[in-house]
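Residue strings, one per chain:
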Amino acid sequence: MALTHVYDHYYRYGEIEEILKGYAEKYPRYAALSSAGQTPEKRQQWVLTVTDTETGSAGDKPALYVEGNIHAGEVTGSMTVMYLLDSIFSNLEKPEIKNLLENYTLYAMPRVSPDGSEFYLTNADSLRSAPRMFPLPELVPGLQRKDMDGDGVIRLMRVKSPYGAWKVSDKDGRVMTARRPDELEGEFYDVFDEGYMEGPYDGLDIKAAPQPFGNDFNRNYPIGWETEDSQKGSGDYPLSNPETRSNADFLLNHPNVCCVIDMHTSGGQNLYTPGYKSQKDAIKQDIDLYRMIGEIAHEENGYPVLNLYDQYMPASHPRTSGGFDDFCHFTLGVPAMTIECWDLMERAGVKASYPPRED
């Protein structure tokens, strides 16, 4: 298929906004732009509604909702949504595109967390969802991650110590390997994130401070939700974040949505619910449906089809509480799948096993 835009970098918020506005202005018959909500940093959660309005209004047709970047740093997800839109608007005359737009509606939210993704793309540090202090209101004493030398990357620091647990690899001086219990002679190191000591420091004991931006939007939905002590990043209460409340409200206000795809970035898998309990405890017909949809996805992207609880997570940590896809399925009654884009390890020749090995 023909394409209009270039995909040689990850788009910043302004680029996404400009492209979406361009679609709405150039193709008013097919595209309408709206905001699901405004973030604390005054960015919009843009949603592009795509359908052929000459064959009926968007709300009167069965709809697919696609989103990306519920996790701020997983920017391949938002690029996949943008690529999907580009594929549609660059090929409006193709029969399969005409049929799609005449009979169905697409709602596309490329970036659920525009504040978080903008931070991720413009800072050396990383974060899960949003650049807001959580669960603690301010920085606490300890080692805080920071790009100290200004090279644009937060690396690992080696600090010589006779008690260090690491040594330099004989094969590659850039690599550290674990020190054996019987190794008494040689140079040994402690390894820390690049950063600085916040608060009092005795010059001896270095302890990592908690991640300041601890929200995880994909644990903030009212299904299987648990408090912070059980599920990191879950938020003060279900839908406590304005971004998660907005996209939940959007789905509640669009009952014609009958399928959801959530684009992530990790490993290359097509994932289906449940995530907070075993698929053995789900309705069999639902699991059969996901497997059929998953096989169609597998034909397109080659990724394996996996259940979140039983196959995707390590056996020792199978539960993902408060997940968006579980919310869609169990609360809204809408089938939802998560696609983890970018199978880097597989392409590098590292064969994956499911459930993942504990080591």
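Residues numbered from 1 in each chain as written. Predicted model: local features only at pLDDT ≥ 70, side-chain atom pairs only at ≥ 80, totals over all residues. Heavy atoms only, no water.

Novice: Please set out the overall build of the protein residue by residue, giving values where relevant.
Specialist: Helix and strand content of the protein: 9 helices and 14 strands. For the protein, the C-alpha radius of gyration of 23 Å lies close to 21 Å, the compact-globule estimate for 359 residues. Expressed as lengths along the three principal axes of its C-alpha atoms, the size of the protein is roughly 80 × 45 × 40 Å. Burial status across the protein gives 45% buried among its 359 residues. If you take every contact in the protein between residues at least 6 apart in sequence, the share linking residues at least 24 apart comes to 74%. (Helix = DSSP H or I, 4+ residues; strand = E, 2+ residues; numbered from the N terminus. Rg over C-alpha atoms; globule rule 2.2 N^0.38 Å. Buried < 20%, exposed > 50% of the residue type's maximum accessible area, 1.4 Å probe, protein only. Contact = heavy atoms within 4.5 Å.)

Novice: With reference to specific residues and values, describe the packing of aromatic side chains.
Specialist: Across all of its chains, the model carries 11 aromatic pairs by this definition. Here Tyr23 and Phe89 contribute two aromatic rings whose centre-to-centre distance is 4.4 Å and whose plane-to-plane angle is 20 degrees, an arrangement assigned as stacked. Here Phe89 lies in helix α2 (residues 75–89) and Tyr23 lies in helix α1 (residues 13–26), a separation of 66 residues in the sequence. Under the relative-accessibility criterion, Phe89 is labelled buried at 4%. On the basis of an interplanar angle of 35 degrees and a centroid distance of 5.4 Å, the ring pair of Tyr221 and Phe327 is categorised as tilted. In this pair, Tyr221 is assigned in the loop between β10 (195–198) and α5 (242–252) and Phe327 in helix α8 (residues 324–331), connecting sequence segments 106 residues apart. (Phe/Tyr/Trp six-rings, centres within 6.5 Å; stacked < 30°, edge-to-face > 60°.)

Novice: Which residues make up the environment of Arg180, and what are the values?
Specialist: Within the secondary structure, Arg180 sits in the loop between β8 (176–178) and β9 (189–193). For the pair Arg180 and Ala165, spaced 15 residues apart in sequence, the C-alpha separation works out to 8.2 Å. A polar contact is formed between the side chain of Arg180 and the side chain of Asp182, at a distance of 2.9 Å. (Polar contact = N/O pair within 3.5 Å; in protein donor to acceptor, adjacent residues only side chain to side chain.)

Novice: Can you break down the pattern of salt bridges residue by residue, with the values?
Specialist: Taken as a whole and assessed by the stated rule, the structure comprises 20 salt bridges. Between Asp193 and Arg145 there is a salt bridge, and its shortest N-O distance comes to 3.7 Å. Here Asp193, found in strand β9, pairs with Arg145, found in strand β5 (residues 142–145); they are 48 residues apart in sequence, far enough to count as distant. Overall, Asp193 belongs to the partly exposed group, its relative accessible area being 28%. Here Arg145 falls in the partly exposed class, since its relative accessible area comes to 30%. Measuring nitrogen to oxygen at the nearest pair gives 2.9 Å for the salt bridge that ties Arg155 to Asp151. Connected through salt bridges with shared partners, the residues Arg29, Asp52 and Glu54 form a single ionic network. (Salt bridge = Lys/Arg side-chain N within 4 Å of Asp/Glu carboxyl O.)

Novice: Explain the sheet that holds strand β4 (residues 105–109) to me, using residue names and the numbers behind them.
Specialist: On the basis of which strands lie adjacent, the open sheet formed by 8 strands has the order β1-β2-β4-β3-β11-β14-β12-β13 and mixed pairing. Every other strand in the sheet has two partners, leaving β1 (31–38) and β13 (305–307) as the edge strands with one partner each. Averaged over all adjacent pairs, the angle separating strand axes in this sheet is 25 degrees, with direction ignored. Here 6 bridges tie β1 to strand β2 (residues 44–50), and the two strands are oriented antiparallel to one another. (Pairing = 2+ DSSP bridges. Axes fitted to C-alpha atoms, helices over the stretch in contact; angles between N-to-C directions.)

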